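# Understanding the architecture of this molecule
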Amino acid sequence: MKTLSDFRSDTVTRPTDEMRRAMAEAEVGDDVLGDDPTVQKLEIQAASIMGKEAGLFVPSGTMGNSIGVKMWTQELQEVIVEEKCHIYNMESTHMTFISRVTPRPLPSKRGVLDPEMVRSNIRPASVQTPRTSLICLENTHNNWGGAVIPIETFKEIRRIADEYGLKVHLDGARIFNASQASGVPVKEYAKYCDSVMFCLSKGLSSPVGSMLVSDRATIDYARRLRKALGGGMRQAGVLAACGLISLAKMVDRLKEDHARARRLAEAIYDLPGITLDPAEVETNIIIFYFNHPKITIPELLARLKEKGILALGVFGGVRLVAHKDVDDEDVNRAIKAFQEILAS
Ligand code: TLP
């Protein structure tokens, strides 16, 4: 058995053997000079899957979202976000640091924004207030335990955005998880957004990389922004080669991760200290709140680690993520560890 079963994130997935071989064989060139055929293939493929004109390969989801916000905004403007979203909470304040815009966080029901609340928070330019220019969505919603945002919300937000002349950017780090769980094609979600960022390096198992897709003129501008942020990569085809395999081979298997996350949730939700509704585990992320008379969250994490299970402390709770590199045996081991720690 492996030493540790790592449930901290799907970012811990290692590249597959096929990816390692593809890296070795990839045709490459200087991508900043526009010479890398493998990167170009990936960018075309990503754009086509999302139904957009053009794509840009970026080193990380954070850079994709940073560029996504920057390309649709100017100083003295405001961006509507859901209050627990990744862009606002976990990307080192790039909204203010890079784009110099103010975020307007709104509460939600498990990540689902109320369109009427969005409407009532849109501000026209005035001498005193910033003008709203962008709405950011996230699907699946990480901090809401991988919740899937319904397509109806996308439609309604789009309608409001069009009414007020706003842009919509989707943090679709795990949009393929959303699609696998809901049956809604990724293209359908993307249709209601002006730009989409999605990650290759999470459940899709690439070692590095995310994609930003949009219309061609905006991606041309995004390419300049990527360079300005230091994200222009040279022989990046060795990484793009993995991305192509992610898109071709790793999407359908995300369902296995969802099933494992649900099985784990169903086995631990009623243990002492845990607050969790297993029915709310729609994709690969479990977040439970933890309040135990004798065990703190850091103690729980340490005791799990002693039993070979790695989990992450988040927002007063604990996060466990299923992915390619944890199998049924790892899930059984995690269930046993939780039972031994909490049921005794
Ligand atoms: N999320 C990471 C951590 O930052 C928490 C994780 O382990 O889940 N959007 C969403 C919804 C994300 O979950 C993440 C990464 C990103 C963007 C940023 O991607 P990277 O890590 O590639 O910059």
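Model, not experiment: these values are computed from the prediction.

Next up on the list: the domain arrangement of the protein. Split into domains, the protein comes out as domain 1 (5-12 + 253-342) and domain 2 (17-249). The C-alpha centroid of domain 2 is placed 28 Å from the C-alpha centroid of domain 1. Each partner contributes residues to the interface: domain 1 has 17 residues there, and domain 2 has 21 residues. Of the roughly 1700 Å² buried between domain 1 and domain 2 on both sides combined, carbon and sulfur atoms contribute 50%. Where domain 1 packs against domain 2, one counts 3 salt bridges. For Arg-110, the salt bridge goes to Glu-282, with nearest N and O atoms at 3.3 Å. For the pair domain 1 and domain 2, the interface holds 9 residue pairs in polar contact (both at pLDDT 80 or more). Of all elements in the fold, only helix H12 (254-268) and strand S10 (285-290) reach the threshold of two or more residues within the side of domain 1 that touches domain 2.

Glancing now at the packing of aromatic side chains. By the definition in use, this model includes 4 aromatic pairs. With 5.1 Å between their ring centres and 55 degrees between their planes, Phe-154 and Tyr-189 make a pair best called tilted. On the criterion of sequence distance, the pair formed by Phe-154 in helix H7 (residues 151-164) and Tyr-189 in helix H9 (residues 186-191) is long-range, its members being 35 residues apart. Ring centres of Phe-288 and Phe-290 lie 6.3 Å apart, and the angle between their planes is 65 degrees; this geometry places the pair in the edge-to-face category. Of the residues examined, Phe-290 reaches a relative accessible area of 8% and is grouped as buried. Here the aromatic residues Phe-288, Phe-290 and Phe-338 are joined through ring pairs into a cluster of three or more. Above the plane of the ring of Phe-315 lies Lys-84, whose end atom (NZ or CZ) is 6.0 Å from the centre.

Rules used in this analysis
Residues numbered from 1 in each chain as written. Predicted model: local features only at pLDDT ≥ 70, side-chain atom pairs only at ≥ 80, totals over all residues. Heavy atoms only, no water. Domains from an automatic or database assignment. Contact = heavy atoms within 4.5 Å. Buried area = accessible area lost by both parts, 1.4 Å probe. Salt bridge = Lys/Arg side-chain N within 4 Å of Asp/Glu carboxyl O. Polar contact = N/O pair within 3.5 Å; in protein donor to acceptor, adjacent residues only side chain to side chain. Helix = DSSP H or I, 4+ residues; strand = E, 2+ residues; numbered from the N terminus. Phe/Tyr/Trp six-rings, centres within 6.5 Å; stacked < 30°, edge-to-face > 60°. Buried < 20%, exposed > 50% of the residue type's maximum accessible area, 1.4 Å probe, protein only. Lys NZ or Arg CZ within 6 Å of the ring centre and 35° of its normal.

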